[in-house]
Amino acid sequence: MARTSEMALSKAKARPRAKSRLWFDLKRDKYLYILAFPGLLFFLVFKYVPMAEVIIAFQNYSPFMGIWKSPWVGLQHFERFFANPDFMLLFRNTMAINLLNLALFFPLPIIVSLMLNELRSVIYKRIVQSIVYMPHFLSWVIIAGLTFLLFAKGQGVVNKILEAMGMERIGFLTSPNLFWIMVTAQSVWKEAGWGTIIFLAAIAGVDPQIYEAARMDGAGRFRQMWHVTLPAIRSVIVILLILRLGHIMDVGFEQIFLMYNGAVSKVAEVFDTYVYRVGIQQAQFSYSTAVGLFKSVVGLALVLIANKVAKKFGEEGVF
Amino acid sequence: MRLSIGDRVFTSVNGLLLGIIALVTFFPLYYVFVVSFTDPTEYLQKKFVLFPQSWSLDSYQYMLSSKAFLRSLGNSGFLATVGTACSLVVTAALAYSLSRKRLRGRRVFMLGILLTILFSPGIIPHYMVVRQLGMINSIWSLIIPALASGWNVILMKSFFDSIPAELEESAQIDGCNDMGIWVRIILPLSLPSLAAFGLFYAVGYWNQYFSALLYLNDSSKWPIQVLLQNMLLSANNSDLAVSTTASVAPPSETLQMAAVIIATLPILAVYPFLQKHFAKGAMVGSVKG
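Residues numbered from 1 in each chain as written. Chains lettered and ligands numbered in written order. Predicted model: local features only at pLDDT ≥ 70, side-chain atom pairs only at ≥ 80, totals over all residues. Heavy atoms only, no water.

Draft legend 1. Quick look at the overall build of chain A. Helix and strand content of chain A: 18 helices and zero strands. Here the C-alpha radius of gyration of chain A, 27 Å, is well above what a compact globule of 319 residues would show, namely 20 Å. The dimensions of chain A, computed from C-alpha atoms along their principal axes, are 95 × 65 × 40 Å. Put simply, chain A has 319 residues, and 50% of those count as buried. Across chain A, contacts joining residues at least 24 apart in sequence account for 65% of those joining residues at least 6 apart. By element, 67% of the accessible surface of chain A is carried by carbon and sulfur atoms, the whole surface being about 16000 Å². A gap of 8 Å separates the mean positions of the 32 positive and 19 negative side-chain charges of chain A. (Helix = DSSP H or I, 4+ residues; strand = E, 2+ residues; numbered from the N terminus. Rg over C-alpha atoms; globule rule 2.2 N^0.38 Å. Buried < 20%, exposed > 50% of the residue type's maximum accessible area, 1.4 Å probe, protein only. Contact = heavy atoms within 4.5 Å. Areas by Shrake-Rupley, 256 points an atom, 1.4 Å probe, with all protein chains shown as cover. Lys, Arg positive; Asp, Glu negative; His and termini not counted. Charge placed at Lys NZ, Arg CZ, Asp CG, Glu CD.)

Draft legend 2. Region of the structure containing the overall build of chain B. Secondary structure summary: chain B contains 13 helices and zero strands in total. Put simply, chain B runs from its N terminus to its C terminus through helices and strands in the order α-α-α-α-α-α-α-α-α-α-α-α-α. When burial is assessed residue by residue, chain B has 50% of its 289 residues classed as buried.

Draft legend 3. Region of interest: the environment of B:A85. Residue and element names in this part refer to chain B. Considering the arrangement of structural elements, one finds A85 in helix α4 (residues 67–99). Looking at A85, the relative accessible area reads 44%, which means it is partly exposed. Along the sequence, A85 and G198 sit 113 residues apart, while their C-alpha atoms lie 7.7 Å from each other.

Draft legend 4. Seen up close, the interface of chain A and chain B. Taken together, the contact pairs 99 residues of chain A with 100 residues of chain B. Taking both partners together, chain A and chain B bury about 9000 Å²; carbon and sulfur atoms supply 76% of that area. Area buried by chain A at its contact with chain B is led by A:L35, A:F46 and A:F137, which between them contribute 8% of it. One can count two salt bridges joining chain A with chain B. Note that B:R102 and A:D29 form a salt bridge whose closest N and O atoms lie 2.7 Å from each other. (Buried area = accessible area lost by both parts, 1.4 Å probe. Salt bridge = Lys/Arg side-chain N within 4 Å of Asp/Glu carboxyl O.)

Draft legend 5. Inspection of the pattern of salt bridges at higher detail. Tallying each qualifying case throughout the model produces 16 salt bridges over all chains. The residue A:E118 makes a salt bridge to A:R221 at a minimum N-O spacing of 2.9 Å. Taken together, the positions of A:E118 in helix α7 (residues 107–118) and A:R221 in helix α13 (residues 221–232) put the pair 103 residues apart, joining distant regions of the chain. Under the relative-accessibility criterion, A:R221 is labelled buried at 6%. Because the salt bridges share partners, they merge into one network encompassing A:R21, A:D25, A:R28, A:D29, B:R100, B:R102, B:R104, B:E168 and B:D178.

Draft legend 6. Structural context of α7(A). Compared with an ideal rise of 1.5 Å per residue, which puts twelve residues at 16 Å, α7(A) spans 17 Å between its outermost C-alpha atoms and is within 8% of the ideal. Those residues of α7(A) not exposed but buried are A:P109, A:I110, A:V112, A:S113, A:L114, A:M115, A:L116 and A:E118. Lining the buried residues of α7(A) we find α6 (85–105), α8 (122–133), α11 (176–204), α13 and α14 (234–246) of chain A together with α1 (5–36) of chain B. (Expected span 1.5 Å × (residues − 1).)

Draft legend 7. Expanded view of the side chain of A:H77. Residues and elements named next belong to chain A. Examined against the element boundaries, H77 turns out to sit in helix α5 (residues 76–83). Relative accessible area serves as the criterion here: at 4%, H77 is assigned to the buried category. Among the polar contacts made by the side chain of H77, one reaches the main-chain carbonyl oxygen of Q59 at a distance of 2.8 Å. Ignoring anything within four residues of it in the chain, the contact list for H77 reads A57, Q59, N60, S286, Y287 and A290. (Polar contact = N/O pair within 3.5 Å; in protein donor to acceptor, adjacent residues only side chain to side chain.)

Draft legend 8. Quick peek at the confidence of the model for chain A. Per-residue pLDDT for chain A has a mean of 88; in total, 94% of the residues score no lower than 70. Ranking the elements of chain A by mean pLDDT puts helix α1 (residues 2–14) of chain A last, at 52, and helix α3 (residues 30–53) of chain A first, at 95. (pLDDT = per-residue confidence, 0-100.)

Draft legend 9. Quick look at the packing of aromatic side chains. This model, assessed by the stated rule, comprises 40 aromatic pairs over all chains. For the pair A:F42 and A:F46, a centre-to-centre distance of 5.6 Å together with 35° between the ring planes defines the contact as tilted. A residue pair is termed a helical-turn pair when its members lie 3 or 4 positions apart in one helix, as A:F42 and A:F46 do in helix α3 at four residues. Here A:F42 and A:F46 have matching classes, each one buried. On the basis of an interplanar angle of 25° and a centroid distance of 4.7 Å, the ring pair of B:F37 and B:Y60 is categorised as stacked. (Phe/Tyr/Trp six-rings, centres within 6.5 Å; stacked < 30°, edge-to-face > 60°.)

Draft legend 10. Examining the packing of α13(A) against α1(B) more closely. It is at 8 Å that the axes of α13(A) and α1(B) come closest, and there the two elements cross at 70°. In terms of orientation, α13(A) and α1(B) fall into the roughly perpendicular class. Between α13(A) and α1(B), the residues in contact are A:R221, A:F222 and A:M225 and B:D7, B:F10 and B:T11, respectively. Of the residues in the contact of α13(A) with α1(B), the class split is three nonpolar, one polar and two charged. (Axes fitted to C-alpha atoms, helices over the stretch in contact; angles between N-to-C directions. Parallel < 35°, antiparallel > 145°, perpendicular 65-115°, else oblique. Nonpolar A, V, L, I, M, F, W, Y, C, P; charged D, E, K, R; others polar.)

Draft legend 11. A nonpolar patch on the surface, seen in detail. All names here are of chain B. Together, I5, V9, V13, L16, L17, I20 and V24 make up an exposed nonpolar region whose accessible area comes to about 670 Å². Secondary-structure assignment places L17 in helix α1. Residue L17 is classed as partly exposed on the basis of its relative accessible area, which comes to 41%. (Patch = residues over 30% accessible without salt bridge, like charges linked within 9 Å, V, L, I, M, F, W, Y side chains within 5 Å.)

Draft legend 12. Main features of unusual backbone geometry. Residue and element names in this part refer to chain A. At A283, a position not held by glycine, the phi torsion is positive, near 55°. Secondary-structure assignment places A283 in the loop between α17 (271–281) and α18 (285–312). Residue classification places A283 among the partly exposed residues on the basis of a relative accessible area of 45%.

Draft legend 13. The arrangement of the nonpolar core in detail. A:F81, A:F137, A:F179, B:F160 and B:F278 are the most contacted members of the largest nonpolar core, which has 162 residues in total. Non-local contacts of A:F137, meaning those with residues more than four positions away in its chain, are made with A:W194, B:L199, B:F200, B:V203, B:N207, B:I267, B:Y271 and B:F278. In this structure, A:F106, A:A202, A:M225 and A:I233 belong to the second largest nonpolar core, which totals 17 residues. (Core = buried A, V, L, I, M, F, W, Y, C linked by side-chain atoms within 4.5 Å.)

Draft legend 14. Representation of the side chain of A:N84 in the model. Residue and element names in this part refer to chain A. Summarising the element assignment, N84 is placed in the loop between α5 and α6. For N84, the side chain forms a polar contact with the side chain of Y287, separated by 3.4 Å. Among residues more than four places away in sequence, those in contact with N84 are Y274 and Y287.

Draft legend 15. Molecular detail of the packing of α11(A) against α14(A). Residues and elements named next belong to chain A. Where α11 contacts α14, the two axes come as close as 9 Å, and the packing angle between them is 155°. Between α11 and α14, the crossing angle belongs to the class labelled roughly antiparallel. Handedness of the crossing formed by α11 with α14: right-handed. Contacts between α11 and α14 pair I198, F199 and A202 from the former with V236, I237 and L240 from the latter. Among the residues making up the contact of α11 with α14, the classes are represented as six nonpolar, no polar and no charged. (Left-handed = near helix turned anticlockwise from the far one by under 90°.)

Now the structure itself:
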């Protein structure tokens, strides 16, 4: 016993100080490392191993040969994808849905939270909030289901009402012209209310004295909102906008997948649904990984650029 | 406070608009709720039902006598309880140790987690990992790959950052090690916050659809969302095909609506209790300043 500790001591002396310090820290914090271990292992296995596996985008991956033995093909899959007429279609659909989202869905939580903030009645405010938060917790399956129940051509209540008013029935779910609007409306219905939480919190942090000062200067309710509240939440708006831009290549997979049908396929196919169809259903692993990788890289680049631009304009940015 | 005419108009228009927004949000839920309780014959006779004259539990009875439906509810219940418990433990443990400034490697770990938020390699590599681990067609494929999210770890970590260090020090003096501090001091203190995260995880598990689609072939393992999708959406594709699905006893719409309500019930049941924690959970530490 004494011998071993002596040995350890002499070893510690012989090694550079930093090393023994490291050993000491590891030992002192052993419980912290034990606590962190499952989580770190999770991130390693389910986030970093997949990152490494994207190399199959540069191979002709075959499940039988595995990553190590599958032949390399360089950028062939990317070239094939960019040359494919589907590429422009996917790009157009993804962008269209996202730009509609950006124009209609993004500003709405800001507007609604400004409006909620102006409510004097606490009870009324609470009721409205409870209702508009709720759809956030419903699954896309349920929301797609509700959309069908409300808008289907045959049994949908909206069409029944239209008919009762002597109008034509409309194929809301099968009309390519309406598809983008329908999915944007779904997103608005599901998430706009929930989106107000973060802005309301930011608004709650505004110093009331500023409002008082504005009132002294003769600002009415609307001007207070415009000149005090809105600037106060500007940095939150910028941060959320940056994060949103990073996702401009993503359209909620489940949402589109569930709303997808043959009649609207030309306007409904987006990168994620395409990856699923080609990758999982047709088992073209390498090609679909290339498509997914292209999407992720563009997304990452967009966040970094948006963040940089925001900083140029004197905002804090995300990181 | 005296209100000017302009302010009064502003206030009432504002209140009215918010009322309309709430109504539009609420109507689909209300409609589904009401129809699910409507007597099937009344539903078939009327064009639309805003308030039923004869209430009926037929649709519920029918749904709840379906073995497949009950089994998938059970599967989702398992996912939501076991999954949430596992997720909370893993997330809180990792977040706590990352919140201790003396931890070596902390920066690297944090950066690594941040990167997973910014860059995701896509569906296929993820699918391959799950397959290589032999989890295909196991209910655990819906839990283990979804255990933690980078966002939640970072949010929870910044919440732990805000707990004063003095508490920890005094526990240390009383002979507590880090594990003891975590279990006896930190976790009890963060119960409200854990409740909020728990709710978000639970809703995530309950609503899981795509992973089930990817990983589960065996219909006896399906969670409720996959079953609902089959019930709600494939039936309604009658818009596309001319063929109408031959519906059994209660009309398929009232059944579908009853299924929607049953599947939403657990969320609606916990909603009022956890609502006060929403704001906290949604943004602990995420708003700067």
